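So you can see what is in the structure, the chains are spelled out below.
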Amino acid sequence: MGLRLYNTQTRQTEEFTPPPRLRASDGLAPYEVKMYNCGPTVYNYAHIGNLRAYVFADILRRTLEMEGYSVKQIVNITDVGHLVSDNDEGEDKIEEGARREGKSTEEIIGLYSQAFYDDLKALNVLPATKYPRATQYIDEQKALIETLDKKGFLYTTEDGVYFDTTKFPRYADFAKLDIAGMQAGARVSMGEKKHPTDFAVWKFSPEDGNKREQEWDSPLRADRKGFPGWHIECSAIAMKELGETIDIHTGGVDHIPVHHTNEIAQSECATGKQFARYWMHSAHMLVDGQKMSKSLGNTYRLSDLAEKGIAPLTFRYWLLTAHYRTQVNFTWDALKGAQNAYERLRRRIFEIKKKGVTTNTHPFSFVGSVFDDLDTASDIASMWQDIQNNEYDSKTIIQEVEILDKFLGLKLLEYAPEEVVVTSELQKLLDERKTARDAKNFAASDRLRDEIRKLGYEVKDTPEGQRLEKTEKKSA
Ligand code: AMP
Ligand code: ZN
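Residues numbered from 1 in each chain as written. Chains lettered and ligands numbered in written order. Predicted model: local features only at pLDDT ≥ 70, side-chain atom pairs only at ≥ 80, totals over all residues. Heavy atoms only, no water.

Across its full length, the protein chain carries 14 helices and 18 strands. Taking the principal axes of its C-alpha atoms as reference, the protein chain extends roughly 80 × 60 × 40 Å. Within the span of the protein chain, comprising 476 residues, buried residues form 53% of the whole. For the protein chain, the share of sequence-separated contacts (at least 6 apart) that also reach a separation of at least 24 residues comes to 75%. Entry remark: accessible area of the protein chain is about 21800 Å², with carbon and sulfur atoms responsible for 49%. When the 65 positive and 75 negative side-chain charges of the protein chain are each reduced to one mean point, those points stand 3 Å apart. (Helix = DSSP H or I, 4+ residues; strand = E, 2+ residues; numbered from the N terminus. Buried < 20%, exposed > 50% of the residue type's maximum accessible area, 1.4 Å probe, protein only. Contact = heavy atoms within 4.5 Å. Areas by Shrake-Rupley, 256 points an atom, 1.4 Å probe, with all protein chains shown as cover. Lys, Arg positive; Asp, Glu negative; His and termini not counted. Charge placed at Lys NZ, Arg CZ, Asp CG, Glu CD.)

Take a look at the structure:
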């Protein structure tokens with residue numbers, strides 16, 4: 001069937017293939033896919049909406065590998081130049097973070113990039129080939145700016161160096177922007193920008209006494225210090241690490257109208273080549289119908305979930321039960337539901353494995369929907385079906401789970417509940433609780449659940465009755 005991916009560039013699901021000149025299959029080493037995932041701005045902890053973008057990229061990478069490719073995966077760390085306002089205005093988020101916390105920018109960057117790596121590890125996201133920091137590619141960014149300047153795409157104002165978007169006739173195409181409408185509605189303070197869509201490739205440090213910690217000699221203006229704009233880092237890093245035309249570029253949908261549109265403009269104007277062959281975007285996570293975002297103050301972190309007993313892999317399971325291009329709405333109920341399902345799934349798999357091998361008479365029912373634009377949700381649904389369907393023998397099912405888990409990364413076969421020895425004290429509490437529940441005395445039943453918890457056990461109500469689990473085994 002081959003691997004099919006939805007390409008934002010064409011708004012179509014297309015077959016993924018290596019570039020035409022490398023398509024020969026006669027003895028070439030497996031093609032190495034060059035993939036770039038726009039990384040986090042490390043001025044604060046990542047929220048679980050941000051993390052969705054990296055779980056999505058991880059599924060993509062695992063699927064490419066299962067398809068037989070090797071993958072060079074680059075995730076940049078934005079440690080300079082991302083301003084508070086998307087309009088090239090306001091303070092640099094990193095400098096602001098340092099001021100807010102009374103730390104150096106280097107400390108802020110170290111702290112929050114490490115927290116990001118820790119979150120990825122907890123989510124069983126495979127480590128990327130490299131996590132390059134924007135500040136370590138200043139020379140490459142300046143070189144790109146010089147090239148664009150020589151080709152006549154830039155102009156300089158008092159506060160920075162700007163890309164003139166009218167010089168790139170395809171500027172509006174990628175995001176299907178309504179430029180006329182944007183011009184008409186340009187209430188934004190444009191400063192000295194010539195057009196509302198023009199963007200900074202370099203900003204000069206303000207000369208108002210608020211000295212920046214991170215600044216360098218500016219390109220095009222020797223008398224000013226400054227720092228790169230946000231978009232230029234991704235073009236420079238991607239080209240340096242992966243080449244002028246890369247295979248796949250990803251980000252969240254919010255990147256389409258500004259960040260990726262600008263990356264395409266500056267990269268393609270500098271090289272005259274297509275920047276990325278496939279563009280892929282994951283949908284947002286909402287809270288009460290609004291985008292989860294730090295500015296709205298409606299964010300949750302993995303540690304907030306852990307405090308309520310929701311393990312990182314439960315969150316991963318929840319994400320994978322929706323398609324990556326579908327918005328998901330965060331609620332505690334949804335995550336509790338996922339927790340139940342994920343636990344039941346792993347317990348069932350564990351029990352099937354324990355039964356041992358029986359004759360393998362049935363073919364796989366696993367169809368690999370993941371190859372159809374990463375449809376993990378359908379694969380999880382068909383795995384559930386097979387598990388509940390007694391027709392399949394245990395060996396077939398375990399094989400299916402093994403394959404599927406290479407894509408899903410849910411550690412489905414690692415579950416091993418500890419045998420719980422029910423002491424007479426525990427049994428007494430269980431009996432009392434059953435009596436309370438039978439009498440619909442839920443206050444008493446909840447109180448007994450708490451007492452059991454204090455002894456280190458969680459009581460689950462299953463169709464077969466009450467079941468105990470050691471508390472620390474509850475999380476993955
Ligand atoms: P940032 O650290 O703000 O640069 O964002 C990191 C990644 O998270 C980007 O790929 C964004 O598109 C993505 N992102 C931001 N907010 C959300 C959200 N509410 N749901 C899903 N992804 C998001
Ligand atoms: Zn980027």
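Structure's up, so let's keep going.
Right, let's talk about the pairing of strand E12 (residues 246-252) for a bit. Look at any regular strand and the pattern is simple: side chains alternate between the two faces of the sheet. With respect to burial, E12 is a largely interior element, seven of its seven residues being buried. Examined bridge by bridge, E12 and strand E13 (residues 276-282) share six bridges and lie parallel to one another. Bridging from a neighbouring strand, glycine 252 pairs with serine 282 of E13. At this point the chain moves from E12, through helix H7 (residues 256-271), to the parallel E13, and the crossover so formed is right-handed. (Pairing = 2+ DSSP bridges. Right-handed = clockwise from strand over helix to strand, strands pointing away.)

Right, let's talk about the site of ligand 1 for a bit. In the vicinity of ligand 1 lie 17 residues, with Gly49, Asn50, Asp254, Met285 and Met292 positioned nearest. In this structure, a nitrogen atom belonging to ligand 1 sits 3.0 Å away from a main-chain N or O atom of glycine 49. In the environment of ligand 1, an oxygen atom lies 2.4 Å from a nitrogen or oxygen atom belonging to the side chain of aspartate 254. Within the complex, 94% of the 490 Å² of free accessible area of ligand 1 lies under protein. (Near = heavy atom within 4 Å. Polar contact = N/O pair within 3.5 Å; in protein donor to acceptor, adjacent residues only side chain to side chain.)

Our next topic: empty space enclosed by the protein. This structure, assessed with the given rule, holds five cavities of 30 Å³ or more. Quantified by volume, the largest cavity comes out at close to 110 Å³. Among the elements of the structure, helix H1 (48-66) and helix H9 (312-320) are those that each provide at least two residues to the lining of the largest cavity. Sorting elements by how many residues they give to the lining of the largest cavity places H1 first, with four residues. Across the lining of the largest cavity, the residue classes break down as eight nonpolar, two polar and one charged. When residues of the lining of the largest cavity are assigned to domains, at least three fall in each of domain 1 (4-20 + 29-282) and domain 2 (302-408). When its volume is computed, the second largest cavity comes out at roughly 90 Å³. As for the second largest cavity, its lining consists of 13 residues, and the residues nearest its centre are Gly81, Leu83, Ser85, Asp88 and Trp230. (1 Å grid on protein atoms, 1.4 Å probe; cavity = no way out; pocket = protein on both sides within 12 Å on 5 of 7 lines; lining within 4 Å. Points joined across faces, edges and corners; volume = space filled by probe spheres on them. Nonpolar A, V, L, I, M, F, W, Y, C, P; charged D, E, K, R; others polar. Domains from an automatic or database assignment.)

Time to look at the packing of helix H6 (residues 230-242) against H7. Two numbers describe how H6 lies on H7: the axes approach to 9 Å, and their chain directions differ by 55°. With respect to each other, H6 and H7 are oriented oblique. Regarding H6 and H7, the two cross each other, and that crossing is right-handed. Side by side, H6 and H7 meet where Trp230, His231, Ile232, Cys234, Ser235 and Met239 of the first sit next to Val258, His259, Asn262, Glu263, Gln266, Ser267 and Thr271 of the second. (Axes fitted to C-alpha atoms, helices over the stretch in contact; angles between N-to-C directions. Parallel < 35°, antiparallel > 145°, perpendicular 65-115°, else oblique. Left-handed = near helix turned anticlockwise from the far one by under 90°.)

Taking strand neighbours across the sheet as the criterion, the three strands line up as E15-E14-E16 in an open arrangement whose pairing is mixed. For this open sheet the edge positions go to strand E15 (290-291) and strand E16 (328-329), each flanked by a neighbour on one side alone. As paired elements, strand E14 (residues 285-287) and E16 share two bridges and run parallel to each other. Bridge pairing in E16 links methionine 285 to valine 328.

Each angle at a metal carrying four tetrahedral donors should ideally be 109.5 degrees, and each at a metal carrying six octahedral donors should ideally be 90 or 180 degrees. Around the zinc ion (ligand 2), the protein contributes the donor atoms Cys38 (SG), Cys234 (SG), His259 (NE2) and Glu263 (OE), at 2.0 to 2.5 Å from the metal centre. For the zinc ion (ligand 2), the four donor atoms in the first shell make angles of 76 to 130° at the metal, a pattern classed as irregular. One chain supplies every donor to the zinc ion (ligand 2), and in sequence these donors are spaced C-x195-C-x24-H-x3-E. Of this pair, histidine 259 and glutamate 263 both sit in helix H7, separated by four residues, roughly a single helical turn. Like histidine 259, the residue glutamate 263 is buried in the burial classification. (Donors = N, O, S within 2.8 Å, 3.2 Å for Na, K, Ca; no water. Tetrahedral: all angles 85-135°; square planar, octahedral: opposite > 155°, others 65-115°.)

In this section: the UniProt feature "domain: Cysteinyl-tRNA ligase anticodon binding" (unreviewed entry) in the protein chain. In this numbering, the UniProt entry assigns the feature "domain: Cysteinyl-tRNA ligase anticodon binding" (unreviewed entry) to residues 423-466. For residues 423-466, the end-to-end C-alpha separation is 15 Å, with 64% helix and 18% strand making up the annotated structure. (UniProt positions renumbered as here; feature names shortened; annotations may be inferred.)

Here we take up the packing of aromatic side chains. Applying the stated criterion across every chain yields a total of 20 aromatic pairs. Measuring from ring centre to ring centre gives 4.9 Å for phenylalanine 16 and tyrosine 278, while their planes differ by 50°; the resulting arrangement is tilted. Of this pair, phenylalanine 16 sits in the loop between strand E2 (12-15) and strand E3 (32-37) while tyrosine 278 sits in strand E13, and the two are 262 residues apart along the sequence. The two residues phenylalanine 16 and tyrosine 278 agree in class, both being buried. Considering the side-chain rings of phenylalanine 153 and phenylalanine 163, the 5.7 Å spacing of their centres and the 0° angle between planes classify their relative orientation as stacked. Taken together, the residues phenylalanine 153 in the loop between helix H4 (138-150) and strand E7 (154-156) and phenylalanine 163 in strand E8 (residues 160-163) connect sequence positions ten residues apart. (Phe/Tyr/Trp six-rings, centres within 6.5 Å; stacked < 30°, edge-to-face > 60°.)

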